[in-house]
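Now for the letters of each chain:
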Amino acid sequence: FLGFALPLPDRRWGTSAFGWQQLNIDPYYREETFSLSHGGRWHRELAQAEVLLGGSAKLLRRSFGGFPEAGNAKTGLAATGLADPALAKNGMTAFDMDLGTQLRWRRHYALGLAVSHLPEPNVAFTSAAKDPLYRRMNLGLSYRSLLSVLNAEYSNRVSGAGTRDHVMTLGAER
């Protein structure tokens, strides 16, 4: 992983960032994510409150290494003599995006919303297959005092079985 964040000279323009993550199982599989992010305050004055906005644009890449099976696919144990459509393509690329916002008021309260995988990119190795990264939404509320932090989060996402998961998390810190 490599990441770089740069607060812009005039604080009101926020902070920009770049990230690169690579996962390998050499020489069989490779996964890369390139991301460009930006976040900062929204400049509209609200009574004792501030609004923060942020987002990331990501390029997702996955690929297989070279296999003999790529040029001679198998059906069971028998060779077909045809190229395997997933292995011969040697990878896929997809665009992804995340967005988030937070409202802070009275120095003690915060309400946040984050949406991951907004376009629900298809990361399947063949165009005929479907392997989407399903959209995920998180909504959180926190109260921060001098001695403790209390928070609650609601998360909503599609599970691997295709059903929608709803998760509620409560936390306290002293």
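Take the overall build of the protein next. The helix and strand tally for the protein stands at one helix and 11 strands. If one aligns the C-alpha atoms of the protein with their principal axes, the spans along those axes are about 70 × 40 × 30 Å. Within the span of the protein, comprising 174 residues, buried residues form 20% of the whole. For the protein, the share of sequence-separated contacts (at least 6 apart) that also reach a separation of at least 24 residues comes to 40%. When the accessible surface of the protein is summed, it comes to about 12,200 Å², and 60% of that surface belongs to carbon and sulfur atoms.

For the rest of this paragraph, the subject is the environment of Tyr-134. Note that Tyr-134 resides in the loop between strand S8 (109–116) and strand S9 (136–144). Judged by its relative accessible area of 36%, Tyr-134 falls in the partly exposed class. Spatially, the C-alpha atom of Tyr-134 lies 28 Å from that of Asp-26, the residues being 108 residues apart in sequence. With sequence-adjacent residues up to four places away left out, Tyr-134 is seen in contact with Ser-116, His-117, Glu-120, Val-158 and Ser-159.

Definitions and limits used
Residues numbered from 1 in each chain as written. Predicted model: local features only at pLDDT ≥ 70, side-chain atom pairs only at ≥ 80, totals over all residues. Heavy atoms only, no water. Helix = DSSP H or I, 4+ residues; strand = E, 2+ residues; numbered from the N terminus. Buried < 20%, exposed > 50% of the residue type's maximum accessible area, 1.4 Å probe, protein only. Contact = heavy atoms within 4.5 Å. Areas by Shrake-Rupley, 256 points an atom, 1.4 Å probe, with all protein chains shown as cover.

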